[in-house]
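Geometric and topological summary
Here's the letter readout for the chains.
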Amino acid sequence: MNKVVKNAEEAIQGLEDNMTIILGGFGLCGIPENSIAALVKKGVKGLTCISNNAGVDGFGLGLLLEKHQIKKMISSYVGENAEFERQLLSGELEVELIPQGTLAERCRAGAAGIPAFFTPAGYATEVAEGKEVREFHGKMYVMEHWLKADFAIIKAWKGDTHGNLIFRKTTRNFNIPMAGAGKITIAEVEELVPAGELDPDQIHTPGIFVKRIFQGEKFEKRIEQRTVRAKL
Amino acid sequence: MLDKNGIAKRIAQELKDGYYVNLGIGIPTLVANYIPEGMDITFQSENGMLGMGSFPIDGEEDADLINAGKQTVTILEGGSYFDSATSFAMIRGEHVDLTVLGAMEVSETGDIANWKIPGKMVKGMGGAMDLVASAKNIIVAMQHVNKAGESKLLPTCSLPLTGVGCVKRIVTELAVLDVTENGFKLIERAPGVSVEEIQKATEGKLIVDGEIPEMKI
């Protein structure tokens with residue numbers, strides 16, 4: 001079973017205009033930057049993107065926004081991007097804001113075959129408008145539906161030819177719950193190794209959730225807020 | 001009257017040994033600087049880390065290791081990393097003991113508004129709605145009045161809500177107040193602040209029961 005594709009261009013084969021895609025990462029941490037670059041190059045338009053954030057000007061999903069390739073963003077926080085704000089205010093871009101935990105769970109539910117679930121987040125706020133609410137054990141909950149997409153695109157540290165993935169530090173974020181939430185899940189990794197080289201005890205995402213895997217050409221790993229303290 | 005660090009210092013007195021704590025952006029972040037000596041507190045960052053440490057030493061920052069404010073950070077011994085679904089399982093499942101966050105408005109019934117101002121660019125709620133809907137203990141750290149001089153402690157919130165009936169305690173530059181069935185109960189005054197000043201700055205119902213002690217900072 002070899003899921004390896006040559007590069008990002010090959011990985012996004014079949015990803016066409018007006019599709020819905022789920023993309024991993026938190027801010028710019030753990031984003032599938034090679035796949036995003038390939039989407040920019042391919043020029044697909046009218047995308048609905050489900051991602052916790054929308055990148056920054058000039059990096060991450062900001063690159064797709066600049067080229068007007070995104071029709072709708074579904075996110076929890078979108079604050080860091082001037083072009084995003086411009087397109088939103090001018091009505092070019094549609095945005096749906098979702099509580100962060102609900103977004104993670106909706107993706108997880110999509111991958112796990114759970115069509116809906118109840119969460120307390122957003123009860124009695126505008127997030128719950130038009131949604132079923134129900135009381136359990138004296139507390140009110142809002143029904144939320146799974147999220148599924150044509151493609152889920154995630155980024156891991158190491159992967160093998162079977163699609164097994166290992167993440168590094170806080171790059172797990174949305175990448176793990178999003179694995180399997182697309183009809184096709186693409187994983188881009190920093191290091192691709194033959195099956196058998198990764199310790200099965202250390203796998204974070206089993207390969208069954210991944211359909212295509214490739215080693216990214218380069219990872220810039222831009223830092224959004226570089227905060228340091230002085231050397232003593 | 002307290003400055004931002006004073007508010008953080010006062011909130012740090014609410015910490016208990018062994019607590020798992022989630023701190024929001026702004027004044028809440030400062031609470032980490034005032035952990036009482038000898039106390040074992042674990043900070044949760046909702047992007048996927050327990051045991052969050054300080055900012056890294058210049059040159060040792062790692063793009064793969066950030067906090068929920070997207071700042072480069074470090075992890076302490078005994079810490080762990082996890083994904084966002086697991087992170088919010090910790091939050092929704094009430095495994096996090098204390099959440100400290102900022103607010104634009106709090107109502108006398110414990111409703112909180114902190115994510116959206118109509119007519120202004122809305123950035124999103126991030127994890128705030130999940131946190132306020134689930135935490136056992138929510139402390140709000142904020143200024144008592146807004147920049148226009150209007151009270152932020154109201155009978156009902158005027159801004160779109162983040163959560164209802166969830167705030168337990170509020171610490172401002174003027175006072176410590178608890179949300180009770182009957183309104184805001186004044187618990188402590190900031191050094192040099194009178195009950196009258198607090199009353200004037202509080203639009204919601206204020207309960208003043210007996211002598212109100214001054215905070216010990």
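Details of the structure are given in the entry above.
What comes next is a walk through the structure. Bear in mind that the values here come from a model prediction, so they are computed numbers and not experimental data.

Definitions and limits used
Residue positions within a chain follow its written sequence, with the count starting from 1. Each chain is given a letter, starting from A, and each ligand a number, starting from 1, according to the order in which they appear as written. At least 70 in pLDDT is required for a residue's local features to be given in this predicted model, at least 80 for side-chain atom pairs to be given and counted, and no such filter applies to totals for whole chains, interfaces and linings, which use all residues. To get the side-chain values, take all heavy atoms of the structure and skip hydrogens and water. Residues count as neighbours in contact if any of their non-hydrogen atoms are within 4.5 Å of one another. By convention, the term buried area covers the 1.4 Å-probe accessible surface removed from two parts as they join, with the contributions of both added. Only one rule defines a salt bridge in this text: a Lys or Arg side-chain nitrogen within 4 Å of an Asp or Glu carboxyl oxygen. A 3.5 Å cut-off defines polar contacts: any pair of N or O atoms within that distance qualifies, except that in protein one atom must be a possible hydrogen donor and the other a possible acceptor, and neighbouring residues in sequence count only when both atoms are side-chain atoms. Here a strand is any run of E in DSSP of at least two residues, a helix any run of H or I of at least four, and the numbering for each starts at the N terminus. Classes in brief: Ala, Val, Leu, Ile, Met, Phe, Trp, Tyr, Cys and Pro nonpolar; Asp, Glu, Lys and Arg charged; the others, Gly included, polar. The pairing criterion is simple: DSSP has to find at least two bridges between the two strands. Each axis is a line fitted through C-alpha atoms, taken for helices only over the stretch in contact, and angles between the N-to-C directions span 0 to 180 degrees.

**Describing the interface of chain A and chain B**
Contacts between the two partners involve 50 residues from chain A, matched on the other side by 47 residues from chain B. Buried surface at the junction of chain A and chain B, summed over both partners, amounts to about 4200 Å²; 61% is from carbon and sulfur atoms. Its largest share of buried area at the contact with chain B, chain A owes to T170(A), T227(A) and R229(A), together 15% of the area lost on that side. Connecting chain A to chain B are six salt bridges. The shortest N-O distance in the salt bridge between D62(B) and K169(A) comes to 3.2 Å. Our count for the chain A to chain B interface comes out at 27 residue pairs in polar contact (both at pLDDT 80 or more). Broken down by element, the side of chain A that touches chain B gets its largest block of residues, six residues, from helix α5 (residues 100-112) of chain A. Among the residues making up the side of chain A that touches chain B, the classes are represented as 20 nonpolar, 15 polar and 15 charged.

**Let's talk about the sheet that holds strand β13 (residues 206-207) of chain B**
Residue and element names in this part refer to chain B. Read from one edge to the other, the open sheet built from ten strands follows the order β4-β3-β2-β1-β5-β8-β10-β11-β12-β13, with strand pairing classed as mixed. With partners counted over all chains shown, the strands left at the sheet margins are β4 (75-81) and β13, one partner each. Bridge analysis of strand β5 (residues 98-101) against strand β8 (residues 138-141) gives three bridges, and the strand direction is parallel. Considered in β8, the bridge of L101 is made with V140. Most of the contacts of helix α1 (residues 4-12) go to strand β10 (residues 169-171), to which it runs at about 145°, and overall it touches β5, β8, β10, β11 (175-180) and β12 (183-189). Most of the contacts of helix α3 (residues 84-92) go to strand β2 (residues 42-45), to which it runs at about 125°, and overall it touches β1 (20-23), β2 and β3 (49-52).

Treat this as a map of the structure, not an account of what it does.
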